[in-house]
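Each chain, written out:
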Amino acid sequence: MSELAWWQRGVIYQVYPRSFQDSNGDGIGDLSGISARLEYVAALGVDAVWISPIYPSPMADFGYDVADYCNIDPMFGTLDGFKQLMGHAHRLGLKVLLDFVPNHSSNRHPWFEESRSSRDNPKRDWYLWRDPSPDGGPPNNWLSRMGGSAWEWDEVTGQYYYHAFLREQPDLNWRNPQVRRAMDQVLRFWLDLGVDGFRVDVLWLLIKDAQFRDNPPNPGYLPGEPDHHRLLQTYTEDQPDVHELVRSMRATLDEYGERVLIGEIYLTVPQLVKYYGVNGEGAHMPFNFQLLSARWNAENIARMIRDYDVALPEYAWPNWVLGNHDNPRVASRVGAAQARVAAVLLLTLRGTPTLYYGDEIGMTDGYIASDQIQDPAELRQPGICQGRDPERTPMQWDGSLPNAGFTEGKPWLPIATATSVREQDGDMASMLSLYRRLLSLRRGSAALVRGTIENVVAEGDVLTYERRYGNQCLFIALNMGADAATVQSHAGMVLLSTVTTRIGDAFVQGANLLAASEAVIVIVDSPS
Ligand code: NOJ
Ligand code: CA
């Protein structure tokens, strides 16, 4: 498997740093905490840790408002601490990926403070400043993803600036070559330190219409949806010029050898695959988020897998994401039993899986009382925006300890449920054991890591497909229903089942029974 890059062979594990492990009792996770848990992460069997932003930040959007791109927020630690963490990870064989947030900075970033100081400041053009429209209002109708107009009036210089997210997150002007150079230096700063790659925040939003045209109304808008859905994002997202920016980031990474560029992109599959670049010179992996919102039934998932495989250019490496810090947790979306099926799905599909911390123990969305809400997206769009706190609750390490062992202080968000790593550790039937088995099986299986995916079929509630490499064939069957079901199979042996007692059993040629919500990986005896 050596000719595949590490990020093609491997599995990525996302850590939301505020919530992984607190080491100093302030109730917020930090780098020492992450470092202390790296043995756990390595033993789980993943290959890379992606850490959401840890840069100095006023934390208006919990680190996605960066005030210094080349340092660490004191709340999380120090630059030296980060280097130690990275050294520790590398010694354990884990790669380290950072979150790169180039679309916007914090309004407290010195670049913005300079830009805002006067109209003729050399950094004025680093952000998107515009005069009011003739009626004195905002320059156009663009809406913020956090509610309201995307334009903020600035009294001092008498112009508006654009922010796709919070007003504390002014968008940078990527048409300005100085901005491009400054951001390129940021990439190089972390690459020089040894970082193995980046997940790039809102890559598809990076560049906006040069003429600042009004976005057209969205005919499909339904009342109650977030405000910005009132408009199609015709001039504020997925602009043709973005691809040149992606290429240039990739070119920088390529100078450093095997580093990975991953793009956060919420678009349709045909739009998404363009981010690989015309000849694969774009992002290594534009994140494939389809499973985050997929209707959970065999037919829909089968269609999704087939369509994605067909849409991918021949040079493009696929990837799948089951959870992240912006979406409800998989165990809450599909329920505990189907979350086990989802684990088998994620780790047997073709392409690199990304796993969200805590999903490996089946963490569910936490309950957040109204006076505990932290997420600015929810606080600023009450009743409209589904908050993101529930999926950001602290990692549950040990249910016998206060705050599940996450902190000795008061956690910044409540602990969601009682289950924990400690409780599941020795239990063969637990979610954690299932994930460990899956990760270990995947690691050793050429068919799973690099094989083709074929015969993706839904029959009733059962989804089946094959992973083939050389003369090996694995048959995967997922019962996505709440009743037992039969599945037609070749003869083989069960390598893994969500029903643990079944492992090692024979599968016969013809009809085999699957229990409710059972998923199996079968090694086929004599593949044709
Ligand atoms: C996407 C991030 O994942 C999300 O958490 C953040 O609020 C926005 N980008 C803005 O940076
Ligand atoms: Ca802390």
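Residues numbered from 1 in each chain as written. Chains lettered and ligands numbered in written order. Predicted model: local features only at pLDDT ≥ 70, side-chain atom pairs only at ≥ 80, totals over all residues. Heavy atoms only, no water.

**Student:** Looking at this model, I keep getting lost on the site of ligand 1. Mind explaining?
**Tutor:** Residues in close proximity to ligand 1 total 13 residues, the closest being D61, D201, H325, D326 and R388. For ligand 1, an oxygen atom lies 2.9 Å from a polar atom in the side chain of R199. The separation between an oxygen atom of ligand 1 and a polar side-chain atom of R388 is 2.9 Å. Protein contacts shield 97% of the accessible area of ligand 1, which totals 290 Å² for the unbound molecule. Among the cavities detected, the one that contains ligand 1 is the largest pocket. Here the shell around ligand 1 is built from residues that sort into 4 nonpolar, 2 polar and 7 charged. (Near = heavy atom within 4 Å. Polar contact = N/O pair within 3.5 Å; in protein donor to acceptor, adjacent residues only side chain to side chain. Areas by Shrake-Rupley, 256 points an atom, 1.4 Å probe, with all protein chains shown as cover. 1 Å grid on protein atoms, 1.4 Å probe; cavity = no way out; pocket = protein on both sides within 12 Å on 5 of 7 lines; lining within 4 Å. Sits in = over half its atoms within 2 Å of the grid points. Nonpolar A, V, L, I, M, F, W, Y, C, P; charged D, E, K, R; others polar.)

**Student:** Explanation requested: empty space enclosed by the protein in the structure shown.
**Tutor:** Regions of empty space are outlined by a rolling probe, equal in size to a water molecule, passed over the atoms. Applying the stated criterion across every chain yields a total of 1 cavity of 30 Å³ or more. Computed from the structure, the largest cavity encloses a volume of approximately 50 Å³. Lining the largest cavity are I305, Y308, D309, P318, W320, L349, R350 and I453. The greatest single-element share of the lining of the largest cavity, amounting to 3 residues, is contributed by helix α10 (residues 298-311). Per-class residue counts for the lining of the largest cavity are 6 nonpolar, no polar and 2 charged. (Points joined across faces, edges and corners; volume = space filled by probe spheres on them. Helix = DSSP H or I, 4+ residues; strand = E, 2+ residues; numbered from the N terminus.)

**Student:** Explain the layout of surface pockets to me, please; I cannot follow it from the model alone.
**Tutor:** Within this model, the largest pocket holds a volume of roughly 1300 Å³. For the largest pocket, the lining is made up of 47 residues, of which R145, H228, H229, Y266 and N327 are closest to its centre. Those elements that provide at least two residues to the lining of the largest pocket are α8 (269-272) and α9 (290-293). A volume near 210 Å³ is recorded for the second largest pocket. Forming the boundary of the second largest pocket are N455, V457, A458, E459, G460, V462, T464, E466, F475, T486, V487 and Q488. Mapped by element, the contributors of at least two residues to the lining of the second largest pocket are β12 (452-459), β13 (462-469) and β15 (485-489). Taken together, the residues of the lining of the second largest pocket break down into 5 nonpolar, 5 polar and 2 charged.

**Student:** Is there a simple way to explain the sheet that holds strand β2 (residues 48-51) in this structure?
**Tutor:** One key point about sheets: their strands pair by backbone hydrogen bonds, in either a parallel or an antiparallel sense. Taking strand neighbours across the sheet as the criterion, the 8 strands line up as β9-β8-β7-β3-β2-β1-β11-β10 in an open arrangement whose pairing is parallel. Lying at the two open borders of the sheet, with one neighbouring strand each, are β9 (285-286) and β10 (319-321). Relative to strand β3 (residues 95-100), β2 runs parallel, the two being bridged by 4 bridges. Bridge pairing in β3 places A48 opposite K95. Each of β3, β7 (197-200) and β8 (260-263) touches helix α7 (residues 242-254); the most contacted strand, β8, lies at about 155° to it. (Pairing = 2+ DSSP bridges. Contact = heavy atoms within 4.5 Å. Axes fitted to C-alpha atoms, helices over the stretch in contact; angles between N-to-C directions.)

**Student:** Explain the pairing of strand β1 (residues 12-15) here, please?
**Tutor:** Remember that side chains alternate between the two faces of the sheet whenever the strand is regular. Because side chains alternate across β1, one face comprises the buried residues I12 and Q14, and the other comprises Y13 and V15, equally buried. When β1 meets β2, the two strands line up parallel, connected through 4 bridges. Paired with I12 across the two strands is A48, which belongs to β2. (Buried < 20%, exposed > 50% of the residue type's maximum accessible area, 1.4 Å probe, protein only.)

**Student:** Got a minute to help me understand helix α12 (residues 336-348) in this structure?
**Tutor:** Side chains three or four residues apart in an α-helix point the same way, a direct result of the helix having 3.6 residues per turn. The terminal C-alpha atoms of α12 lie 19 Å apart, and with 13 residues this matches the ideal 18 Å at 1.5 Å per residue to within 8%. Burial analysis of α12 places 11 of its 13 residues in the buried class, the great majority of the element. Turning to α12, its buried residues number three or more, namely Q338, A339, R340, V341, A342, A343, V344, L345, L346, L347 and T348. (Expected span 1.5 Å × (residues − 1).)

**Student:** Looking at this model, I keep getting lost on the domain arrangement of the protein chain. Mind explaining?
**Tutor:** Accessible area lost upon the coming together of the parts serves often as the stated size of an interface. Segmentation of the protein chain into domains returns domain 1 (6-103 + 177-439), domain 2 (110-162) and domain 3 (452-524). Using only C-alpha atoms to locate each centre, domain 2 and domain 3 end up separated by 57 Å. (Domains from an automatic or database assignment.)

**Student:** What is the right way to read the UniProt feature "domain: Glycosyl hydrolase family 13 catalytic" (unreviewed entry) in the protein chain from this model?
**Tutor:** Under the UniProt annotation, the feature "domain: Glycosyl hydrolase family 13 catalytic" (unreviewed entry) is placed at residues 14-392. Its end C-alpha atoms 12 Å apart, residues 14-392 is made of 28% helix and 11% strand. (UniProt positions renumbered as here; feature names shortened; annotations may be inferred.)

**Student:** Sorry if this is basic, but what is going on with the coordination of the calcium ion (ligand 2) here?
**Tutor:** When a metal carries six donors in an octahedron, the ideal angles between them are 90 or 180 degrees, while four donors in a tetrahedron ideally lie at 109.5 degrees. With distances of 2.3 to 2.4 Å, the protein atoms coordinating the calcium ion (ligand 2) are D22 (OD), N24 (OD1), D26 (OD), I28 (O) and D30 (OD). Donor residues for the calcium ion (ligand 2), ordered by position in the chain, follow D-x1-N-x1-D-x1-I-x1-D. Each member of the pair, D22 as well as D30, is classed as buried. (Donors = N, O, S within 2.8 Å, 3.2 Å for Na, K, Ca; no water.)

**Student:** How do you make sense of the environment of S106 when you look at a structure like this?
**Tutor:** Secondary-structure assignment places S106 in the loop between β3 and α5 (110-117). Those residues within four positions of S106 in sequence are excluded, and the remaining contacts are P58, D65, V66, A67, F112, E168 and P170. For S106, the side chain forms a polar contact with the main-chain nitrogen of R108, separated by 2.8 Å.

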